[in-house]
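So you can see what is in the structure, the chains are spelled out below.
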Amino acid sequence: MKNILLLVHGDKGLEARLQVALDLARALNGHIQCADVTPLTLYPADPMAWSTGMPLDEDRKLEVELRQRLEPRLAAEGVSWNWTESVGDIGVCLTNQSLLSDLIVVNCRRDTFLADHRRGLVGDLAVHARRPIMAAPEMAPGIKLSGAAIVAWDGSAPASAALRSAIPLLTQASEVHLVTVGELDNGPSAEDAAVYLSRHGVRPQVHAIARGKASPDRVLLDLADNLRAGYCVMGAYGKGRLSEALFGGVTRRMIEAAALPLLLDH
């Protein structure tokens, strides 16, 4: 997990994304690729339709000013980085640039500048980029990799993909909590997942929590709060490429409500 792709844009979630990317790069001795994306401007071609236009001069001016502010900061952070620029749909641009990336850093909640993304940016990337995604809350001060980590486990293929992707991070955690809520999918058990992790030098504590009145996402978020976890690993559960909402209810609610970074894979 050496090549970290960071979305750079002048929105309110940028500082959180930047701090998370810096923490990851330092912990993993990695490289940050700052992907500065200028979204295409949408304007009404007629009262009944919308067309895509070129970016406004003001948009490009703001991106230039952003780069002028950030480059001196990055130069003083002691990490390896480079800067790329593109214009277009943010999901498409990031997907194209992720081909040689190991991890993509974005925000959890969809922002106003991504209002045209029906699935949200995380959903588009999970479907098309096929890379693990670190989704940071907009107010996250960074990511604590040396503390406790939570892995949500249900035996599914997405959960397995997320678990495998998280190995470089989990090996740095002081403690790892492998959590199941309710019935497992028809896949490996939590004990099987724990054995897999142990072969990578990670010895998790297994928590089997019965399904009660609280939803699984609420259980996970409450446990994360109680443990003061630095991040949560979970599968990005999907209903298919043609569905309007990519994620199932648990993943979608986690993304909307999480107060800690989420490592997601599909």
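Note that the structure is a prediction, hence the values are computed from the model and not measured. (Residues numbered from 1 in each chain as written. Predicted model: local features only at pLDDT ≥ 70, side-chain atom pairs only at ≥ 80, totals over all residues. Heavy atoms only, no water.)

> Where do I start with unusual backbone geometry in this structure?
Leaving glycine aside, a negative phi is the common case for residues, and trans is the common case for peptide bonds. Positive phi values are uncommon outside glycine, yet N29 reaches one of about 55 degrees. If you trace the backbone, N29 turns up in the loop between α1 (14-28) and β2 (31-38). Although it is not a glycine, R130 sits at a positive phi angle of roughly 55 degrees. You can see R130 is positioned in the loop between α4 (120-128) and β7 (133-136). (Helix = DSSP H or I, 4+ residues; strand = E, 2+ residues; numbered from the N terminus.)

> What am I meant to see in the sheet that holds strand β5 (residues 80-87) here?
For sheets, the rule is that strands pair by backbone hydrogen bonds, running either parallel or antiparallel. Judged by pairing direction, the sheet is mixed, and its 10 strands sit side by side in the order β5-β2-β1-β6-β7-β12-β11-β8-β9-β10 without closing on themselves. Looking along the sheet, the strands with just one partner apiece sit at the ends: β5 and β10 (205-209). Across the sheet, the mean angle separating the axes of adjacent strands is 25 degrees when strand polarity is ignored. Bridging between strand β1 (residues 3-8) and strand β6 (residues 103-107) involves three bridges; their strand directions are parallel. Residue pairing for β6: L6 is matched across the bridge by V105. (Pairing = 2+ DSSP bridges. Axes fitted to C-alpha atoms, helices over the stretch in contact; angles between N-to-C directions.)

> Which parts of the structure should I look at to understand the pairing of strand β11 (residues 231-235)?
Where a strand is regular, its side chains alternate between the two sheet faces. Taken across its five residues, β11 has five buried, putting it largely inside the fold. Side-chain alternation along β11 places Y231, V233 and G235 on one buried face and C232 and M234 on a second face that is also buried. Inspection of the sheet shows strand β8 (residues 148-152) paired to β11 by three bridges, in the parallel sense. Within the sheet, the bridge partner assigned to A149 lies in β11 and is Y231. Pairing geometry for β11 and strand β12 (residues 262-265), over four bridges, is parallel. Paired with V233 across the bridge in β12 is L263. (Buried < 20%, exposed > 50% of the residue type's maximum accessible area, 1.4 Å probe, protein only.)

> When you look at the environment of V79 in this model, what are you seeing that I'm missing?
Tracing the sequence through the fold places V79 in the loop between α2 (57-75) and β5. A sequence separation of 54 residues divides V79 from A25, and the C-alpha atoms of the two residues are 6.7 Å apart. The contacts of V79, once residues within four sequence positions are left out, are L22, A25, R26 and I32. (Contact = heavy atoms within 4.5 Å.)

> Where do I start with helix α8 (residues 216-227) in this structure?
Structurally, the α-helix is built with 3.6 residues per turn, so residues lying three or four positions apart point the same way. Given a rise of 1.5 Å per residue, 12 residues ought to cover 16 Å, and the 16 Å separating the end C-alpha atoms of α8 matches this to within 8%. Turning to α8, the residues buried within the fold contact β8, β9 (175-181), β10 and α9 (249-257). Of the residues one or two after α8, R228 is the one with positive phi, at around 55 degrees. (Expected span 1.5 Å × (residues − 1).)

> So what exactly am I meant to see when it comes to the nonpolar core here?
Grouped burial of nonpolar side chains is what soluble globular proteins tend to show. Counting residues in each nonpolar core, the largest one holds 85 residues, and the members touching the most others are L24, L94 and L170. No other element matches α1, which puts nine residues into this core. Apart from residues lying up to four places away in sequence, L170 is in contact with A149, V151, L163, V176, L197, V202, Y231 and V233. (Core = buried A, V, L, I, M, F, W, Y, C linked by side-chain atoms within 4.5 Å.)

> Sorry, what's going on with the pattern of salt bridges here?
Pairing is possible between side chains of opposite charge, provided their charged atoms come close. Per the stated rule, a full pass over the model turns up nine salt bridges. Two residues, D11 and R17, come together in a salt bridge whose shortest N-O distance is 2.9 Å. A relative accessible area of 14% means that D11 is categorised as buried. Residue classification places R17 among the buried residues on the basis of a relative accessible area of 1%. A salt bridge links E77 to R26, with the shortest nitrogen-to-oxygen separation between them at 2.3 Å. Here E77 is found in the loop between α2 and β5, whereas its partner R26 is found in helix α1, with 51 residues between them in sequence. The exposure class of E77 is partly exposed, given its relative accessible area of 24%. According to the relative accessible area criterion, R26 is partly exposed, its value standing at 43%. (Salt bridge = Lys/Arg side-chain N within 4 Å of Asp/Glu carboxyl O.)

> In this structure, what is going on with the environment of L14? I would like to understand it.
Here L14 shows up in helix α1. The spacing of L14 and N107 is 93 residues in sequence and 8.2 Å in space, taken between C-alpha atoms. Leave out the neighbours within four places in its chain, and L14 touches L7, V8, H9, L66, L70 and N107.

> Before we go on, may I ask you to explain the side chain of T251 in this structure?
Along the chain, T251 falls in helix α9. Excluding residues within four positions of it along the chain, T251 makes contact with M234, G235, A236, Y237 and L264.

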